[in-house]
Number of protein chains: 2
Amino acid sequence: MILHHHPFLAPCRFVRLLLAEHAIDTELVLEPFWEERPAFVAVNPGLTLPMAFDGDRGPLIGAGVVMEYVDERYGELRAGSRLMPSDPFHRAEVRRLVDWFLVKFEDEVASPFVTERILKVEIPSRRGGGAPDSTLLRSARQNALGHMHYLGALTTARPWLAGDALTFADLAAAAALSVVDYLGETPWDADPAVKAWYQTIKSRPAFRALLSDKARLVAPARHYADLDF
Amino acid sequence: MILHHHPFLAPCRFVRLLLAEHAIDTELVLEPFWEERPAFVAVNPGLTLPMAFDGDRGPLIGAGVVMEYVDERYGELRAGSRLMPSDPFHRAEVRRLVDWFLVKFEDEVASPFVTERILKVEIPSRRGGGAPDSTLLRSARQNALGHMHYLGALTTARPWLAGDALTFADLAAAAALSVVDYLGETPWDADPAVKAWYQTIKSRPAFRALLSDKARLVAPARHYADLDF
């Protein structure tokens, strides 16, 4: 598959993880969405990332769309360890959590951090770049604590976020945390159960590529790529 | 099924439409989400609406979650006119459009209108109620025009939003437009093709209940319930 992405958008990282978990060969295309490249706008007027193509067909636009597609088309490659469960209510819980981390956590935590601390540094000022807004960063820090407590409650109650097995929900949450962690903004002390759960996901081979991502102008937190942090 | 909803949130209207299209008996429970009822928060910490229960199982939280559930569980009730197509790329397009209208249009148009003009009138000031913010209304009006042009391009190119048949995408878009139309804020003149498409959906029996919704303190626009507007 071909994946148009940006390395510091959590929904893109989620899709990279799930493609790697399915062992699907992927060519990554870096998409500087703020440039509104005409060829990109023409197929994707909302400038939504990620956007994927499979063979000569596509586009598949948006993380949830790619997730459902990959599960429908390639889920059987993971017979016995499919990332979307078969019970309809269990599926609903996985989808709820994926939305939680890729929409709610994204809006309240990941996107403000990444926008203020990474993207605005790279984006020219006429496209919205500039100095970070410290009010937004403060509120993202506050929100991060609430989310860590919620994640703590989930990881304490269950081995994986949606139950007894790894699902798309774990990949979404880990992808979302990982961009925050690059910036050293994850309040790990808030809950030890979250740290243990994240350590397990971070050690999976599918995660490796994310740990070597580098922002052009912002270095990763010292512990970012450590499996034992 | 039991549906916890608010009549002026587009994602809730979308689910009412799709349940009616599947002829699923539904008991509606009005959920004043801003009151953060303890019993509601306990099962739904994000205060997300809609939330559904099917028999004694649930909750199904979020419009996309309920949509996938109903299609998986009851889609065969509509053999030959299923609202989710069978081709995987066609499914991806339906899901993209559902997200477009229930997330993007919602954030840029429907939610500001409804929040400023309906909810803030009903919600006590200590919970965020108050006078509408005219800057937000102005920008929602501006955004509405862009969305009407996009809808116009889609409805001109295809009989239904995602292709040759009615799908969940049409229900999502019509649900989103309907709350804006209640307030008389739909710029119908922007594109006649959109009006013709909306008229067709509005005439479906599933739509009828939405047309008799009344906000407690805000009357509908004069043409709101007219099938010939």
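Residue numbers restart at each chain and count upward from 1, following the sequence in its written direction. Written order decides the labels, with chains lettered from A and ligands numbered from 1. Where local features are concerned, this predicted model is filtered to residues with pLDDT of at least 70; where side-chain atom pairs are given and counted, the filter is 80 or more; whole-chain, interface and lining totals use all residues. Values shown for side chains rest on all heavy atoms present in the structure; no hydrogens or waters enter the calculation.

Student: Is there a simple way to think about the pairing of strand 1 (residues 2–5) of chain B in this case?
Tutor: Successive residues of a regular strand alternate their side chains across the two faces of the sheet. All names here are of chain B. A strand pair is defined by DSSP finding two or more bridges across the two strands. What counts as a helix is a DSSP run of H or I of at least four residues, what counts as a strand is a run of E of at least two, and both are numbered from the N terminus. Where strand 1 meets strand 2 (residues 27–30), four bridges bridge the pair, whose relative direction is parallel. Paired with His4 across the two strands is Val29, which belongs to strand 2. Look down the strands so they point away from you; if going from the first strand over the helix to the second traces a clockwise path, that crossover is right-handed. A crossover links strand 1 with its parallel partner strand 2, the connecting element being helix 1 (residues 10–21), and its sense is right-handed. Strand direction decides the pairing type here: strand 1 and strand 3 (residues 51–54), joined by three bridges, are antiparallel. Within the sheet, the bridge partner assigned to Ile2 lies in strand 3 and is Phe53.

Student: Please explain the sheet that holds strand 3 of chain B as it appears in this structure.
Tutor: On the basis of which strands lie adjacent, the open sheet formed by four strands has the order 2-1-3-4 (chain B) and mixed pairing. Looking at the sheet topology across the chains shown, the edges are occupied by strand 2 and strand 4 (57–61) of chain B. Sheet twist, expressed as the average angle between the axes of neighbouring strands with direction ignored, equals 20°. Pairing geometry for strand 3 of chain B and strand 4 of chain B, over three bridges, is antiparallel. In the strand pairing of strand 4 of chain B, B:Asp54 is matched with B:Arg57. In the packing of helix 4 (residues 88–122) of chain A onto the sheet, the strands contacted are strand 3 and strand 4 of chain B, and the crossing angle to strand 4 of chain B comes to about 25°. Packing against the sheet, helix 1 of chain B makes contact with strand 1 and strand 2 of chain B, and its axis sits at approximately 160° to strand 1 of chain B. Lines fitted to the C-alpha atoms define the axes, with helices restricted to the stretch that makes contact. Angles between their N-to-C directions range from 0 to 180 degrees. A contact between two residues is defined here by any heavy atoms of the two lying within 4.5 Å.

Student: Would you mind going over the packing of aromatic side chains with me for this structure?
Tutor: The geometry of an aromatic ring pair is captured by two quantities: the separation of the ring centres and the angle between the planes. Stacked, tilted and edge-to-face are the three classes assigned to paired rings of Phe, Tyr and Trp, where Trp is represented by its six-membered ring and a pair needs centres within 6.5 Å; plane angles under 30 degrees give stacked, over 60 edge-to-face, the rest tilted. Here the structure, examined in full by the defined rule, presents 26 aromatic pairs over all chains. Seen in terms of ring centroids, A:Trp188 and A:Tyr198 are 5.0 Å apart; in terms of plane orientation they differ by 35°. Their pairing is tilted. Pair noted here: A:Trp188 is in the loop between helix 6 (168–182) and helix 7 (192–202) and A:Tyr198 is in helix 7, with a separation of 10 residues, a long-range link. Assigned by exposure class, A:Trp188 and A:Tyr198 land together as buried. Of the aromatic side chains, those joined through ring pairs into one cluster are A:Trp188, A:Trp197, A:Tyr198, A:Phe207 and A:Phe229. The ring of A:Trp100 carries the charged tip of A:Lys104 above its face, separated from the ring centre by 5.4 Å. Put simply, a charge is over a ring when the Lys NZ or the Arg CZ is close to the ring centre, within 6 Å, and near the line of the ring normal, within 35 degrees. For B:Lys202, the ring lying beneath its charged end belongs to B:Phe229, and the centroid distance is 4.2 Å. Think of it in three bands: with a 1.4 Å probe and only protein chains considered, a residue is buried below 20% of the maximum accessible area for its type, exposed above 50%, and partly exposed in between.

Student: Please clarify how the interface of chain A and chain B should be interpreted in this entry.
Tutor: Where the parts come together, the accessible area they lose is often given as the size of the interface. Of the residues lining the interface, 22 residues belong to chain A; the matching set on chain B comes to 22 residues. Interface of chain A and chain B: buried area, both sides summed, is about 2,100 Å²; carbon and sulfur atoms make up 68% of it. Joining two parts hides part of their accessible area as seen by a 1.4 Å probe, and the buried area is that hidden amount summed over both. When the area that chain A buries against chain B is broken down by residue, the three leading residues are A:Arg57, A:Val65 and A:Phe89, summing to 29%. Whenever Lys or Arg places a side-chain nitrogen within 4 Å of a carboxyl oxygen from Asp or Glu, that contact is recorded as a salt bridge. Between A:Glu72 and B:Arg91 there is a salt bridge, with its nearest N and O atoms 2.9 Å apart. Under this definition, polar contacts are N or O atom pairs within 3.5 Å; protein pairs additionally need one hydrogen-donor-capable and one acceptor-capable atom, and for neighbouring residues in sequence, both atoms have to be side-chain atoms. The tally of links from chain A across to chain B stands at six residue pairs in polar contact (both at pLDDT 80 or more). When residues of the side of chain A that touches chain B are assigned to their parent elements, the largest contribution, eight residues, is made by helix 4 of chain A. Each residue belonging to the side of chain A that touches chain B can be placed in one class, and the counts come to 10 nonpolar, two polar and 10 charged. Under the scheme applied here, ten amino acids are nonpolar (Ala, Val, Leu, Ile, Met, Phe, Trp, Tyr, Cys and Pro), four are charged (Asp, Glu, Lys and Arg), and all others, including Gly, are polar.

Student: Hey, could you run me through the packing of helix 1 of chain B against helix 6 (residues 168–182) of chain B in this one?
Tutor: If you want to describe how two helices pack, look at the angle between their axes and the distance between the axes. All names here are of chain B. It is at 8 Å that the axes of helix 1 and helix 6 come closest, and there the two elements cross at 135°. Here helix 1 lies oblique to helix 6, going by the angle between them. Two packed elements cross with a definite hand, and for helix 1 against helix 6 that hand is right-handed. Packed against helix 1, whose contacting residues are Ala10, Arg13, Phe14, Leu17, Leu18 and Glu21, the element helix 6 presents Phe168, Leu171, Ala172, Ala175, Ala176, Ser178 and Val179 at the interface. For the contact of helix 1 with helix 6, a count of residues per class yields 10 nonpolar, one polar and two charged. Each angle receives one of four descriptions, namely roughly parallel if under 35 degrees, roughly antiparallel if over 145, roughly perpendicular if within 65 to 115, and oblique otherwise. Here a crossing is taken to be left-handed if its near helix is turned anticlockwise relative to the far helix by less than a right angle, and right-handed if that turn runs clockwise.

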